[in-house]
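In case you want the letters, here they are:
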Amino acid sequence: MKFTQEHQLFRQSLRKFIKTEINPYVEKWEEDETFPAHELFGKMGEQGFLGMAYPEEYGGLGLDYSYHVILAEELGRQCDCAGIPMAVAVQTDMATPALAAFGSEELKQKYLAPAIRGEMVAAIAVTEPNAGSDVAAIQTRAESDGDDYIINGSKLYITNGTQADWLCLLARTSVESGFRGMSLIVVPTNTPGYKVSRKLKKLGNHSSDTAELFFDNVRVPKSHCIGEEGMGFILQMQQFQKERMVASIMATTGAERIVRMTIEYCRERKTFGMPLIDNQWIHFKLSELLTELEILKQFNYHCAREMIKGEDVTKEVSMAKLKSARLAREVADTCMQFHGGMGYMEEYPIARYFRDARLVSIGGGADEVMLGIIAKFEGILPRRRKS
Ligand SMILES: Cc1cc2nc3c(=O)[nH]c(=O)nc-3n(C[C@H](O)[C@H](O)[C@H](O)COP(=O)(O)OP(=O)(O)OC[C@H]3O[C@@H](n4cnc5c(N)ncnc54)[C@H](O)[C@@H]3O)c2cc1C
(Lines give C-alpha, C1' and ligand atoms only; values in the text may rest on other atoms or scores of the structure.)
Protein backbone atom coordinates (compact mmCIF):
# COMPACT_ATOMS: atom_id res chain seq x y z
CA MET A 1 0.00 0.00 0.00
CA LYS A 2 1.42 3.38 -0.93
CA PHE A 3 1.05 5.94 1.83
CA THR A 4 1.69 9.57 0.88
CA GLN A 5 2.74 12.44 3.10
CA GLU A 6 -0.96 13.28 3.60
CA HIS A 7 -1.53 9.74 4.84
CA GLN A 8 1.35 10.07 7.27
CA LEU A 9 0.06 13.40 8.58
CA PHE A 10 -3.34 11.82 9.09
CA ARG A 11 -1.66 8.92 10.92
CA GLN A 12 0.22 11.33 13.18
CA SER A 13 -2.91 13.28 14.09
CA LEU A 14 -4.75 10.05 14.88
CA ARG A 15 -1.91 8.85 17.10
CA LYS A 16 -1.96 12.13 18.98
CA PHE A 17 -5.73 11.91 19.37
CA ILE A 18 -5.59 8.35 20.74
CA LYS A 19 -2.80 9.31 23.11
CA THR A 20 -4.61 12.32 24.53
CA GLU A 21 -8.34 11.63 24.11
CA ILE A 22 -8.65 7.84 24.47
CA ASN A 23 -5.84 6.15 26.38
CA PRO A 24 -5.94 8.34 29.51
CA TYR A 25 -9.59 7.24 30.02
CA VAL A 26 -9.37 3.57 29.09
CA GLU A 27 -9.00 2.28 32.65
CA LYS A 28 -12.12 4.14 33.76
CA TRP A 29 -14.16 3.11 30.72
CA GLU A 30 -13.11 -0.53 31.16
CA GLU A 31 -14.22 -0.34 34.79
CA ASP A 32 -17.49 1.41 33.88
CA GLU A 33 -18.15 -1.19 31.15
CA THR A 34 -19.08 1.66 28.82
CA PHE A 35 -17.64 4.89 27.42
CA PRO A 36 -19.15 8.30 26.62
CA ALA A 37 -19.85 7.61 22.94
CA HIS A 38 -21.41 10.99 22.13
CA GLU A 39 -18.53 12.88 23.72
CA LEU A 40 -15.78 10.79 22.11
CA PHE A 41 -17.43 10.54 18.70
CA GLY A 42 -18.14 14.29 18.80
CA LYS A 43 -14.41 14.97 19.21
CA MET A 44 -13.54 12.43 16.50
CA GLY A 45 -16.13 13.92 14.17
CA GLU A 46 -14.64 17.40 14.58
CA GLN A 47 -11.30 16.04 13.36
CA GLY A 48 -12.88 14.22 10.43
CA PHE A 49 -12.00 10.76 11.80
CA LEU A 50 -15.47 9.26 11.35
CA GLY A 51 -16.04 9.66 7.64
CA MET A 52 -12.80 9.84 5.71
CA ALA A 53 -14.09 7.97 2.68
CA TYR A 54 -17.60 9.40 2.79
CA PRO A 55 -18.63 12.24 0.44
CA GLU A 56 -18.07 15.82 1.50
CA GLU A 57 -21.77 16.70 1.11
CA TYR A 58 -22.44 14.54 4.19
CA GLY A 59 -19.50 15.92 6.14
CA GLY A 60 -17.02 13.26 5.05
CA LEU A 61 -13.53 14.01 3.77
CA GLY A 62 -14.16 12.53 0.31
CA LEU A 63 -10.93 10.51 0.46
CA ASP A 64 -10.46 6.85 -0.42
CA TYR A 65 -10.61 3.75 1.77
CA SER A 66 -6.86 3.82 2.44
CA TYR A 67 -7.64 6.32 5.22
CA HIS A 68 -9.91 3.77 6.89
CA VAL A 69 -6.97 1.37 6.74
CA ILE A 70 -4.89 3.89 8.70
CA LEU A 71 -7.73 4.48 11.18
CA ALA A 72 -8.02 0.74 11.82
CA GLU A 73 -4.24 0.28 12.02
CA GLU A 74 -3.78 3.04 14.55
CA LEU A 75 -6.79 2.12 16.66
CA GLY A 76 -5.49 -1.46 16.82
CA ARG A 77 -1.89 -0.47 17.48
CA GLN A 78 -2.22 2.54 19.79
CA CYS A 79 -5.32 1.93 21.91
CA ASP A 80 -4.85 0.39 25.32
CA CYS A 81 -7.92 -1.81 24.78
CA ALA A 82 -9.91 -3.36 21.94
CA GLY A 83 -13.35 -2.15 23.10
CA ILE A 84 -13.03 1.43 21.88
CA PRO A 85 -11.57 0.47 18.48
CA MET A 86 -14.55 -1.86 18.02
CA ALA A 87 -17.07 0.82 19.00
CA VAL A 88 -15.50 3.34 16.60
CA ALA A 89 -15.38 0.79 13.79
CA VAL A 90 -19.11 0.14 14.24
CA GLN A 91 -19.68 3.83 13.54
CA THR A 92 -17.31 4.08 10.57
CA ASP A 93 -17.32 0.66 8.90
CA MET A 94 -20.13 -1.53 10.18
CA ALA A 95 -23.37 0.46 10.60
CA THR A 96 -22.89 3.17 7.96
CA PRO A 97 -21.45 1.70 4.68
CA ALA A 98 -24.81 0.46 3.30
CA LEU A 99 -26.53 3.74 4.18
CA ALA A 100 -23.77 5.72 2.46
CA ALA A 101 -23.86 3.54 -0.64
CA PHE A 102 -27.58 2.88 -1.05
CA GLY A 103 -29.56 5.21 1.25
CA SER A 104 -31.82 7.95 -0.07
CA GLU A 105 -30.64 11.56 0.01
CA GLU A 106 -33.05 12.31 2.85
CA LEU A 107 -31.83 9.35 4.94
CA LYS A 108 -28.20 10.25 4.40
CA GLN A 109 -28.73 13.88 5.45
CA LYS A 110 -30.75 12.84 8.49
CA TYR A 111 -28.64 9.91 9.77
CA LEU A 112 -25.34 9.54 7.93
CA ALA A 113 -24.23 13.18 8.19
CA PRO A 114 -24.76 13.38 11.99
CA ALA A 115 -22.98 10.02 12.40
CA ILE A 116 -19.99 11.38 10.47
CA ARG A 117 -20.05 14.53 12.63
CA GLY A 118 -20.21 12.28 15.72
CA GLU A 119 -23.47 13.83 16.89
CA MET A 120 -25.40 10.59 16.49
CA VAL A 121 -24.20 7.15 17.58
CA ALA A 122 -24.97 4.27 15.22
CA ALA A 123 -25.26 0.53 15.78
CA ILE A 124 -25.60 -2.45 13.47
CA ALA A 125 -28.40 -4.82 14.50
CA VAL A 126 -28.25 -8.18 12.74
CA THR A 127 -27.75 -10.92 15.34
CA GLU A 128 -30.75 -12.35 17.21
CA PRO A 129 -31.19 -14.87 20.03
CA ASN A 130 -31.85 -17.60 17.44
CA ALA A 131 -29.76 -16.34 14.53
CA GLY A 132 -26.07 -15.44 14.60
CA SER A 133 -23.90 -17.34 12.14
CA ASP A 134 -27.00 -18.21 10.13
CA VAL A 135 -28.08 -14.67 9.24
CA ALA A 136 -30.80 -16.04 6.95
CA ALA A 137 -32.58 -17.38 10.05
CA ILE A 138 -33.43 -13.96 11.53
CA GLN A 139 -37.03 -13.57 12.68
CA THR A 140 -37.46 -9.87 13.46
CA ARG A 141 -40.31 -8.68 11.25
CA ALA A 142 -41.02 -5.30 9.69
CA GLU A 143 -44.61 -5.58 8.50
CA SER A 144 -46.16 -3.19 6.03
CA ASP A 145 -48.82 -0.79 7.35
CA GLY A 146 -49.59 1.92 4.81
CA ASP A 147 -46.47 4.04 4.43
CA ASP A 148 -44.90 2.55 7.55
CA TYR A 149 -43.26 -0.62 8.82
CA ILE A 150 -44.24 -2.04 12.18
CA ILE A 151 -41.28 -3.80 13.69
CA ASN A 152 -41.45 -6.66 16.20
CA GLY A 153 -38.62 -8.85 17.45
CA SER A 154 -35.31 -8.68 19.25
CA LYS A 155 -31.60 -8.31 18.56
CA LEU A 156 -28.71 -9.61 20.66
CA TYR A 157 -25.08 -8.62 21.36
CA ILE A 158 -25.44 -5.18 19.76
CA THR A 159 -22.30 -3.03 20.11
CA ASN A 160 -23.01 0.62 21.05
CA GLY A 161 -26.49 -0.74 21.79
CA THR A 162 -27.16 1.19 25.00
CA GLN A 163 -26.13 4.52 23.47
CA ALA A 164 -27.18 4.31 19.82
CA ASP A 165 -29.39 7.04 18.32
CA TRP A 166 -30.18 4.89 15.33
CA LEU A 167 -29.80 1.31 14.22
CA CYS A 168 -29.06 -0.17 10.86
CA LEU A 169 -31.51 -3.02 11.37
CA LEU A 170 -31.86 -6.19 9.32
CA ALA A 171 -35.49 -7.37 9.41
CA ARG A 172 -37.92 -9.47 7.40
CA THR A 173 -40.17 -7.34 5.21
CA SER A 174 -41.97 -10.23 3.48
CA VAL A 175 -43.20 -13.71 4.30
CA GLU A 176 -40.47 -15.32 2.19
CA SER A 177 -38.02 -17.38 4.20
CA GLY A 178 -34.24 -17.85 4.03
CA PHE A 179 -32.18 -15.00 2.63
CA ARG A 180 -35.08 -13.57 0.61
CA GLY A 181 -37.44 -10.88 1.82
CA MET A 182 -35.13 -9.06 4.23
CA SER A 183 -34.45 -5.33 4.30
CA LEU A 184 -32.00 -2.98 5.98
CA ILE A 185 -33.96 -0.28 7.81
CA VAL A 186 -32.78 2.80 9.72
CA VAL A 187 -34.53 2.73 13.11
CA PRO A 188 -34.25 5.83 15.34
CA THR A 189 -34.02 4.59 18.91
CA ASN A 190 -36.34 7.29 20.27
CA THR A 191 -39.26 5.59 18.50
CA PRO A 192 -41.99 4.33 20.89
CA GLY A 193 -41.89 0.56 21.44
CA TYR A 194 -38.09 0.37 21.20
CA LYS A 195 -36.31 -0.79 24.33
CA VAL A 196 -32.81 -1.72 25.44
CA SER A 197 -33.84 -4.83 27.34
CA ARG A 198 -30.42 -5.65 28.83
CA LYS A 199 -26.88 -4.36 28.97
CA LEU A 200 -24.73 -7.47 28.68
CA LYS A 201 -21.70 -8.40 30.77
CA LYS A 202 -18.80 -9.73 28.73
CA LEU A 203 -15.52 -11.62 29.03
CA GLY A 204 -13.58 -8.78 27.41
CA ASN A 205 -13.90 -5.56 25.38
CA HIS A 206 -15.28 -4.12 28.61
CA SER A 207 -15.13 -0.46 27.58
CA SER A 208 -17.60 -1.13 24.77
CA ASP A 209 -21.27 -1.45 25.70
CA THR A 210 -23.18 -4.44 24.32
CA ALA A 211 -26.95 -4.79 24.51
CA GLU A 212 -30.01 -6.85 23.85
CA LEU A 213 -32.68 -4.82 22.06
CA PHE A 214 -36.44 -5.31 21.93
CA PHE A 215 -38.96 -4.05 19.37
CA ASP A 216 -42.64 -3.95 20.30
CA ASN A 217 -44.71 -2.50 17.45
CA VAL A 218 -42.01 0.01 16.54
CA ARG A 219 -43.37 2.16 13.71
CA VAL A 220 -40.93 3.65 11.19
CA PRO A 221 -41.64 5.13 7.75
CA LYS A 222 -40.95 2.89 4.75
CA SER A 223 -38.71 5.66 3.46
CA HIS A 224 -36.25 4.45 6.14
CA CYS A 225 -35.49 1.36 4.08
CA ILE A 226 -31.90 1.43 2.77
CA GLY A 227 -31.91 0.67 -0.95
CA GLU A 228 -34.54 -1.59 -2.41
CA GLU A 229 -36.95 -3.44 -0.14
CA GLY A 230 -36.07 -7.16 -0.05
CA MET A 231 -32.38 -6.59 -0.81
CA GLY A 232 -31.30 -6.42 2.84
CA PHE A 233 -29.46 -9.72 3.00
CA ILE A 234 -27.34 -8.90 -0.03
CA LEU A 235 -26.61 -5.35 1.18
CA GLN A 236 -25.65 -6.68 4.60
CA MET A 237 -23.32 -9.28 3.07
CA GLN A 238 -21.62 -6.40 1.22
CA GLN A 239 -21.51 -4.30 4.38
CA PHE A 240 -19.88 -7.22 6.24
CA GLN A 241 -16.84 -6.93 3.95
CA LYS A 242 -15.93 -3.53 5.42
CA GLU A 243 -16.56 -4.85 8.94
CA ARG A 244 -14.31 -7.87 8.39
CA MET A 245 -11.64 -5.80 6.67
CA VAL A 246 -11.24 -3.39 9.60
CA ALA A 247 -11.50 -6.27 12.09
CA SER A 248 -8.58 -7.98 10.37
CA ILE A 249 -6.48 -4.79 10.24
CA MET A 250 -7.14 -3.92 13.90
CA ALA A 251 -6.40 -7.49 14.99
CA THR A 252 -3.12 -7.48 13.06
CA THR A 253 -1.71 -4.24 14.46
CA GLY A 254 -3.10 -5.01 17.92
CA ALA A 255 -1.27 -8.35 17.91
CA GLU A 256 1.95 -6.76 16.68
CA ARG A 257 1.82 -4.29 19.56
CA ILE A 258 1.55 -7.16 22.03
CA VAL A 259 4.41 -9.14 20.45
CA ARG A 260 6.66 -6.06 20.60
CA MET A 261 5.66 -5.45 24.22
CA THR A 262 6.54 -9.07 24.96
CA ILE A 263 9.94 -8.70 23.31
CA GLU A 264 10.69 -5.77 25.63
CA TYR A 265 9.52 -7.74 28.65
CA CYS A 266 11.66 -10.74 27.68
CA ARG A 267 14.71 -8.52 27.30
CA GLU A 268 14.29 -7.29 30.87
CA ARG A 269 13.18 -10.46 32.62
CA LYS A 270 15.96 -12.83 33.64
CA THR A 271 15.65 -16.54 34.44
CA PHE A 272 18.52 -18.94 35.06
CA GLY A 273 20.96 -16.02 34.89
CA MET A 274 20.06 -14.71 31.44
CA PRO A 275 17.33 -12.63 29.78
CA LEU A 276 14.34 -14.67 28.65
CA ILE A 277 14.80 -13.38 25.10
CA ASP A 278 18.16 -15.22 24.86
CA ASN A 279 16.33 -18.55 24.90
CA GLN A 280 16.17 -19.75 21.33
CA TRP A 281 12.62 -21.01 21.74
CA ILE A 282 11.51 -17.54 22.79
CA HIS A 283 13.26 -15.41 20.17
CA PHE A 284 12.44 -17.94 17.45
CA LYS A 285 8.76 -18.02 18.39
CA LEU A 286 8.46 -14.23 18.59
CA SER A 287 10.26 -13.92 15.23
CA GLU A 288 7.85 -16.39 13.70
CA LEU A 289 4.83 -14.47 15.02
CA LEU A 290 6.22 -11.20 13.63
CA THR A 291 6.73 -12.92 10.28
CA GLU A 292 3.15 -14.14 10.16
CA LEU A 293 1.89 -10.71 11.20
CA GLU A 294 3.93 -9.01 8.46
CA ILE A 295 2.53 -11.39 5.84
CA LEU A 296 -0.98 -10.75 7.12
CA LYS A 297 -0.43 -6.99 7.08
CA GLN A 298 0.62 -7.16 3.43
CA PHE A 299 -2.41 -9.35 2.63
CA ASN A 300 -4.67 -6.82 4.37
CA TYR A 301 -3.17 -4.11 2.15
CA HIS A 302 -3.82 -6.26 -0.91
CA CYS A 303 -7.49 -6.70 0.10
CA ALA A 304 -7.88 -2.95 0.77
CA ARG A 305 -6.27 -2.03 -2.56
CA GLU A 306 -8.62 -4.36 -4.44
CA MET A 307 -11.56 -2.98 -2.45
CA ILE A 308 -10.60 0.55 -3.48
CA LYS A 309 -10.55 -0.62 -7.12
CA GLY A 310 -14.12 -1.89 -6.65
CA GLU A 311 -13.24 -5.58 -6.92
CA ASP A 312 -15.22 -8.26 -5.09
CA VAL A 313 -12.88 -9.30 -2.28
CA THR A 314 -15.32 -11.42 -0.30
CA LYS A 315 -13.09 -14.50 -0.42
CA GLU A 316 -9.89 -12.60 0.37
CA VAL A 317 -11.44 -10.56 3.20
CA SER A 318 -12.84 -13.78 4.71
CA MET A 319 -9.33 -15.27 4.57
CA ALA A 320 -7.86 -12.17 6.22
CA LYS A 321 -10.49 -12.17 8.98
CA LEU A 322 -9.99 -15.89 9.63
CA LYS A 323 -6.21 -15.69 9.75
CA SER A 324 -6.06 -12.51 11.83
CA ALA A 325 -8.46 -13.97 14.39
CA ARG A 326 -6.50 -17.19 14.73
CA LEU A 327 -3.19 -15.38 14.86
CA ALA A 328 -4.49 -12.98 17.53
CA ARG A 329 -5.45 -15.98 19.65
CA GLU A 330 -2.01 -17.51 19.19
CA VAL A 331 -0.31 -14.22 20.04
CA ALA A 332 -2.48 -13.84 23.15
CA ASP A 333 -1.64 -17.32 24.38
CA THR A 334 2.08 -17.18 23.53
CA CYS A 335 2.66 -13.72 24.95
CA MET A 336 0.75 -14.56 28.13
CA GLN A 337 3.00 -17.62 28.52
CA PHE A 338 6.23 -15.67 28.03
CA HIS A 339 5.12 -13.16 30.68
CA GLY A 340 4.65 -15.91 33.26
CA GLY A 341 2.70 -14.86 36.37
CA MET A 342 2.99 -11.20 35.44
CA GLY A 343 0.96 -11.86 32.30
CA TYR A 344 -1.88 -13.19 34.43
CA MET A 345 -2.05 -10.02 36.54
CA GLU A 346 -4.55 -7.30 35.70
CA GLU A 347 -1.86 -4.65 36.12
CA TYR A 348 -0.21 -5.85 32.91
CA PRO A 349 -1.77 -5.29 29.42
CA ILE A 350 -1.47 -8.93 28.37
CA ALA A 351 -4.37 -10.00 30.60
CA ARG A 352 -6.77 -7.56 28.91
CA TYR A 353 -5.46 -8.46 25.47
CA PHE A 354 -5.93 -12.17 26.25
CA ARG A 355 -9.63 -11.54 26.93
CA ASP A 356 -10.24 -9.00 24.17
CA ALA A 357 -8.49 -10.94 21.40
CA ARG A 358 -10.80 -13.92 21.79
CA LEU A 359 -13.69 -12.03 20.22
CA VAL A 360 -12.18 -11.78 16.73
CA SER A 361 -12.87 -15.48 16.03
CA ILE A 362 -16.56 -15.00 16.96
CA GLY A 363 -17.76 -11.45 16.16
CA GLY A 364 -18.54 -10.28 12.63
CA GLY A 365 -18.84 -13.90 11.49
CA ALA A 366 -17.18 -16.79 13.31
CA ASP A 367 -14.07 -18.53 11.94
CA GLU A 368 -16.24 -21.38 10.67
CA VAL A 369 -18.46 -18.94 8.76
CA MET A 370 -15.31 -17.54 7.10
CA LEU A 371 -14.22 -21.09 6.23
CA GLY A 372 -17.65 -21.75 4.71
CA ILE A 373 -17.37 -18.63 2.50
CA ILE A 374 -13.85 -19.57 1.39
CA ALA A 375 -14.97 -23.15 0.65
CA LYS A 376 -17.89 -21.80 -1.39
CA PHE A 377 -15.64 -19.55 -3.47
CA GLU A 378 -13.21 -22.43 -3.97
CA GLY A 379 -16.06 -24.70 -5.11
CA ILE A 380 -15.49 -27.24 -2.34
CA LEU A 381 -18.58 -26.59 -0.21
CA PRO A 382 -20.82 -29.66 -0.38
CA ARG A 383 -24.38 -29.03 -1.47
CA ARG A 384 -26.88 -29.29 1.37
CA ARG A 385 -28.65 -32.63 1.28
CA LYS A 386 -32.43 -32.59 1.30
CA SER A 387 -33.76 -34.74 4.14
C1 LIG B 1 -18.88 -8.59 22.00
C2 LIG B 1 -19.76 -8.87 20.82
C3 LIG B 1 -20.19 -7.82 20.03
C4 LIG B 1 -21.05 -8.05 18.96
N5 LIG B 1 -21.54 -6.98 18.24
C6 LIG B 1 -22.51 -7.20 17.32
C7 LIG B 1 -23.17 -6.09 16.69
O8 LIG B 1 -22.84 -4.92 16.92
N9 LIG B 1 -24.19 -6.36 15.83
C10 LIG B 1 -24.58 -7.63 15.53
O11 LIG B 1 -25.51 -7.80 14.75
N12 LIG B 1 -23.97 -8.70 16.12
C13 LIG B 1 -22.97 -8.51 17.00
N14 LIG B 1 -22.35 -9.58 17.61
C15 LIG B 1 -22.79 -10.92 17.28
C16 LIG B 1 -21.78 -11.77 16.50
O17 LIG B 1 -21.71 -11.33 15.16
C18 LIG B 1 -22.23 -13.22 16.63
O19 LIG B 1 -21.98 -13.61 17.98
C20 LIG B 1 -21.54 -14.16 15.67
O21 LIG B 1 -21.94 -13.90 14.34
C22 LIG B 1 -21.81 -15.64 15.99
O23 LIG B 1 -23.19 -15.87 16.14
P24 LIG B 1 -23.74 -16.60 17.46
O25 LIG B 1 -23.14 -15.97 18.64
O26 LIG B 1 -25.21 -16.68 17.39
O27 LIG B 1 -23.12 -18.07 17.37
P28 LIG B 1 -23.82 -19.34 16.68
O29 LIG B 1 -24.33 -18.99 15.35
O30 LIG B 1 -24.75 -19.95 17.65
O31 LIG B 1 -22.56 -20.28 16.50
C32 LIG B 1 -21.84 -20.79 17.63
C33 LIG B 1 -20.54 -21.34 17.15
O34 LIG B 1 -20.78 -22.46 16.31
C35 LIG B 1 -19.81 -22.55 15.31
N36 LIG B 1 -20.49 -22.62 14.02
C37 LIG B 1 -21.53 -21.84 13.58
N38 LIG B 1 -21.90 -22.21 12.36
C39 LIG B 1 -21.10 -23.25 12.00
C40 LIG B 1 -20.99 -24.08 10.84
N41 LIG B 1 -21.77 -23.89 9.79
N42 LIG B 1 -20.05 -25.04 10.84
C43 LIG B 1 -19.24 -25.23 11.89
N44 LIG B 1 -19.29 -24.49 13.00
C45 LIG B 1 -20.20 -23.51 13.05
C46 LIG B 1 -18.91 -21.32 15.44
O47 LIG B 1 -17.73 -21.70 16.12
C48 LIG B 1 -19.71 -20.38 16.30
O49 LIG B 1 -18.88 -19.54 17.08
C50 LIG B 1 -21.44 -9.37 18.65
C51 LIG B 1 -20.99 -10.45 19.42
C52 LIG B 1 -20.16 -10.21 20.50
C53 LIG B 1 -19.71 -11.37 21.33
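A. Structural context of the side chain of threonine 334. With respect to the helices, strands and loops of the structure, threonine 334 is situated in helix H10 (residues 314–339). Of the polar contacts made by the side chain of threonine 334, one reaches the backbone oxygen of glutamate 330; its length is 2.7 Å. The residues contacting threonine 334, other than those within four sequence positions of it, are Lys285 and Leu289.

B. How the structure looks around the site of the ligand. As a matter of local geometry, the ligand sits amid 16 residues, with Ile124, Thr127, Ser133, Tyr157 and Glu368 nearest to it. In the model, a nitrogen atom of the ligand is placed 2.8 Å from a nitrogen or oxygen of the isoleucine 124 main chain. Threonine 159 is positioned with one of its side-chain polar atoms (N or O) 2.8 Å from a nitrogen atom of the ligand. In isolation the ligand offers 970 Å² of accessible surface; the protein chains occlude 62% of this area. Looking at the shell around the ligand, the elements with two or more residues in it are strand S1 (122–125) and strand S3 (148–159). Sorting elements by how many residues they give to the shell around the ligand places S3 first, with three residues. Across the shell around the ligand, the residue classes tally to eight nonpolar, six polar and two charged.

C. Inspection of the domain arrangement of the protein chain at higher detail. You can read the domains of the protein chain as domain 1 (5–121), domain 2 (123–230) and domain 3 (234–377). For domain 1 versus domain 2, the separation of C-alpha centres amounts to 22 Å. Counting residues at the interface gives 31 residues for domain 1, matched by 24 residues for domain 2. Summing the contributions of domain 1 and of domain 2, the shared interface buries around 2300 Å²; its carbon and sulfur component is 57%. For lysine 201, the salt bridge goes to glutamate 33, with nearest N and O atoms at 3.2 Å.

D. Highlighting the packing of aromatic side chains. Inspection of every chain in the model, using the stated rule, returns twelve aromatic pairs. With a centroid separation of 5.3 Å and 75° between ring planes, the pair formed by phenylalanine 10 and tyrosine 67 is classed as edge-to-face. Linking phenylalanine 10 in helix H1 (residues 5–22) with tyrosine 67 in helix H4 (residues 66–78), this pair joins segments that are 57 residues apart in sequence. A relative accessible area of 9% means that phenylalanine 10 is categorised as buried. Put simply, the rings of Phe10, Phe17, Phe49 and Tyr67 pair up and form one aromatic cluster. Just above the ring of phenylalanine 3 sits the side chain of arginine 11; from NZ or CZ to the centre is 5.1 Å. One cation-aromatic arrangement involves arginine 244 over phenylalanine 240; the distance from NZ or CZ to the ring centre is 4.4 Å.

E. Main features of H4. A rise of 1.5 Å per residue sets the reference length of H4, with its 13 residues, at 18 Å; its end C-alpha atoms lie 18 Å apart and thus fit the reference within 8%. All of the buried residues along H4 are Ser66, Tyr67, His68, Val69, Ile70, Leu71, Ala72, Glu73, Glu74, Leu75, Gly76 and Arg77. In this fold, the buried residues of H4 make contact with H1, helix H3 (37–46), helix H5 (83–94), helix H8 (232–268) and helix H9 (280–309).

F. Highlighting the packing of H10 against helix H13 (residues 367–377). At a closest axis distance of 9 Å, the pairing of H10 and H13 adopts a crossing angle of 145°. Here H10 and H13 pass one another in a crossing that is left-handed. The segment H10 lies against H13, with Thr314, Lys315, Ser318, Met319, Lys321, Leu322, Ala325, Arg326 and Arg329 engaging Asp367, Met370, Leu371, Ile373, Ile374 and Phe377. By residue class, the composition of the contact of H10 with H13 is eight nonpolar, two polar and five charged.

Thresholds applied
Residues numbered from 1 in each chain as written. Predicted model: local features only at pLDDT ≥ 70, side-chain atom pairs only at ≥ 80, totals over all residues. Heavy atoms only, no water. Helix = DSSP H or I, 4+ residues; strand = E, 2+ residues; numbered from the N terminus. Polar contact = N/O pair within 3.5 Å; in protein donor to acceptor, adjacent residues only side chain to side chain. Contact = heavy atoms within 4.5 Å. Near = heavy atom within 4 Å. Areas by Shrake-Rupley, 256 points an atom, 1.4 Å probe, with all protein chains shown as cover. Nonpolar A, V, L, I, M, F, W, Y, C, P; charged D, E, K, R; others polar. Domains from an automatic or database assignment. Buried area = accessible area lost by both parts, 1.4 Å probe. Salt bridge = Lys/Arg side-chain N within 4 Å of Asp/Glu carboxyl O. Phe/Tyr/Trp six-rings, centres within 6.5 Å; stacked < 30°, edge-to-face > 60°. Buried < 20%, exposed > 50% of the residue type's maximum accessible area, 1.4 Å probe, protein only. Lys NZ or Arg CZ within 6 Å of the ring centre and 35° of its normal. Expected span 1.5 Å × (residues − 1). Axes fitted to C-alpha atoms, helices over the stretch in contact; angles between N-to-C directions. Left-handed = near helix turned anticlockwise from the far one by under 90°.

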